[in-house]
Amino acid sequence: MKSRRTFLKMIVGLGAFFVPWTLAPGVWATKLEARLSRPPVLLQIPEDYWRDIAISPQILNRKALEDIKALSDPHLQGRRAGTAGETLALVYLEGQAKDLHLFAFGENKNYWQMFSIPSMAEKIINNRALFRPDETDHLLNPAANMLAGIVGKNPEKTVIISAHYDHLGVYMGKLYPGANDNASGVGCVLEVMRRLVADALGGYRPEINIVAAFWGAEEMGFLGSEHFVKKPTIPLSNIHAVINCDTVANGQKDDFSLWADQDNFLVKAMQKAAGNYGVDIKNVSGEGHHSDEISFAAAGVPAVTLLSKEWLDKNHTPKDDLSLINSDKLDFACQLVYDLIKQLAN
Ligand SMILES: [Zn+2]
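Since the structure is predicted, the reported quantities are computational estimates derived from the model, not experimental observations.

**Q** With reference to specific residues and values, describe the overall build of the chain.
**A** The helix and strand tally for the chain stands at 10 helices and 13 strands. Here the chain, with 346 residues, has 44% of them falling under the buried criterion.

Okay, here's the thing in structure tokens:
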């Protein structure tokens, strides 16, 4: 009898401990997240989030050219999706995001979003290396996107600035460094984020989230952005716009083009941003080339890609190295994207 009473007391005691624990808001949020398979609304960061953060000027003032140097370095082996070179690039990007105290917008509150890619084989077509599906190999390889951003006053709405970070790797014993395609776009996104973080440290908080997205496996047919659209870590209906940068740093300083599915509001907004510097940018989507903007256009999310007018010069050849980069042009690309983001997130 006595031992039964002790047993009941134990059950009640355990219940008193576990019931409130399961009712705790954090636990509920995790359960809801699993149920809805989307991020919980836990993004309301404290008003003073940036107040106690100190970031060194070396980090905040880092230029896109330094990112291009790091990403096109031979030890990253051309950043082919599904290889160790790609993982090294991801580790680099994650380091930059952490240095800037950016929030994780990937899977399960991480920066990364993993996906699988089919085996691919390189082919030279019109003097450019391109990937085609490898019908003889049915193995899947892992690849990843990375998403990191600044939480806005209204965390329900997001604007994405993006760039694919993968390239072609090593083919027939030759390194394809991909300095312009697309370490330049990645550098541009990172430099813009650094400027926005500096603004946040100075007291400016954007109205909506600004998320930097780095897509994997673009060179294999926009596979990273396509995966994101199928399994978004940010609900697509909450994404106001996607500004994508691809191969932005070669050729004449003022010569840019745009790719967009149609003349959406982003085309006009980018043209306006360039117009402030007396520069005219045309939408040349009709030429049949695309970047990751196409994955979003297919899902009805307004998207635009900024690129160099002469993007095809040495593109997808081993000559796409640092010597192709015009740093004045790179600066101008960063300025245009920064101006546009300020316009959209205010
Ligand atoms: Zn490419």
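More follows now that the structure is in view.
**Q** So what's going on with the environment of Leu71? Residues and values would help.
**A** Mapped onto the secondary structure, Leu71 falls in helix α4 (residues 64-71). Here the alpha-carbon distance between Leu71 and Ala89, two residues 18 residues apart in the chain, equals 6.4 Å. Ignoring any residue separated from it by four or fewer positions in sequence, one finds Leu71 in contact with Leu76, Arg79, Ala89, Tyr92, Tyr165, Ala183 and Val186.

**Q** Go over the pairing of strand β3 (residues 120-125), please, and point to the residues and values.
**A** Of the strand pairs in this sheet, β3 and strand β4 (residues 128-133) are connected by six bridges, and their pairing is antiparallel. In the strand pairing of β4, Ile125 is matched with Arg128. Where β3 hands over to β4, the hairpin turn is made up of two residues, of which Asn126 adopts a positive phi near 50 degrees.

**Q** Tell me about helix α5 (residues 84-99), residues and numbers included.
**A** With 16 residues, α5 should reach 22 Å at 1.5 Å per residue; the first-to-last C-alpha distance of 23 Å fits that figure. Every buried residue of α5 is listed here: Gly85, Glu86, Ala89, Leu90, Leu93, Gln96 and Ala97. Each buried residue of α5 sits inside an arc of 145 degrees when the element is viewed along its axis, so together they form one side. Among the exposed residues of α5, those pointing more than 90 degrees away from its buried face are Ala84, Val91, Gly95 and Lys98.

**Q** Could you give me a rundown of the nonpolar core, with the residues and numbers involved?
**A** In this structure, Cys188, Met270, Leu306, Ala333 and Val337 are the most contacted members of the largest nonpolar core, which totals 93 residues. A per-element tally of this core places helix α6 (residues 179-201) first, with 11 residues.

**Q** Account for the packing of α6 against helix α10 (residues 327-344), naming residues and giving values.
**A** Orientation of α6 relative to α10, taken along the N-to-C sense of each, is 50 degrees, at an axis distance of 9 Å. Classified by the angle between their axes, α6 and α10 sit oblique to one another. The handedness of the crossing between α6 and α10 is right-handed. On α10, the residues touching Ser184, Gly187, Cys188, Glu191, Val192, Arg195 and Leu196 of α6 are Leu330, Ala333, Cys334, Val337, Tyr338 and Ile341. Counted by class, the contact of α6 with α10 contains nine nonpolar, two polar and two charged residues.

**Q** Residue-level account of the environment of Tyr111, with values.
**A** Relative to the assigned elements, Tyr111 resides in the loop between β1 (103-104) and β2 (112-118). Each C-alpha atom of the pair Tyr111 and Glu94 lies 7.0 Å from the other, and the pair is 17 residues apart in sequence. Apart from residues no more than four positions distant in its own chain, Tyr111 is found in contact with Glu94, Ala97, Ala104, Gly106, Met146, Leu147 and Ala148.

**Q** Can you lay out helix α7 (residues 223-230) for me, pointing to particular residues and giving the numbers?
**A** For an α-helix, the turn length of 3.6 residues means that residues three or four places apart are oriented alike. Most of α7 sits inside the fold, with seven of its eight residues counted as buried. On its buried face, α7 is in contact with β2, β5 (140-150), β6 (154-164), β9 (208-215) and α9 (293-298).

**Q** Could you give an account of the confidence of the model for the chain, naming the residues involved and the relevant values?
**A** Atomic detail in the predicted coordinates should be set aside for any region of low pLDDT. For the chain, the mean per-residue pLDDT works out to 89, and 87% of the residues sit at or above 70. Across the chain, element-level confidence peaks in α4 with a mean pLDDT of 98 and bottoms out in helix α2 (residues 25-36) with 50. Note on residues 19-25: pLDDT is under 50 here. Beyond four places in sequence and across chains, it has two contacts. Here residues 34-41 scores under 50 on pLDDT; set against residues more than four positions off or in separate chains, the count is six contacts.

Reading guide: rules and limits
- Residues numbered from 1 in each chain as written.
- Predicted model: local features only at pLDDT ≥ 70, side-chain atom pairs only at ≥ 80, totals over all residues.
- Helix = DSSP H or I, 4+ residues; strand = E, 2+ residues; numbered from the N terminus.
- Buried ≥ 20, exposed ≤ 12 C-beta atoms within 10 Å, placed from the backbone.
- Contact = placed C-beta atoms within 7 Å.
- Pairing = 2+ DSSP bridges.
- Expected span 1.5 Å × (residues − 1).
- Arc of directions from axis to C-beta.
- Core = buried A, V, L, I, M, F, W, Y, C linked by C-beta atoms within 7 Å.
- Axes fitted to C-alpha atoms, helices over the stretch in contact; angles between N-to-C directions.
- Parallel < 35°, antiparallel > 145°, perpendicular 65-115°, else oblique.
- Left-handed = near helix turned anticlockwise from the far one by under 90°.
- Nonpolar A, V, L, I, M, F, W, Y, C, P; charged D, E, K, R; others polar.
- pLDDT = per-residue confidence, 0-100.

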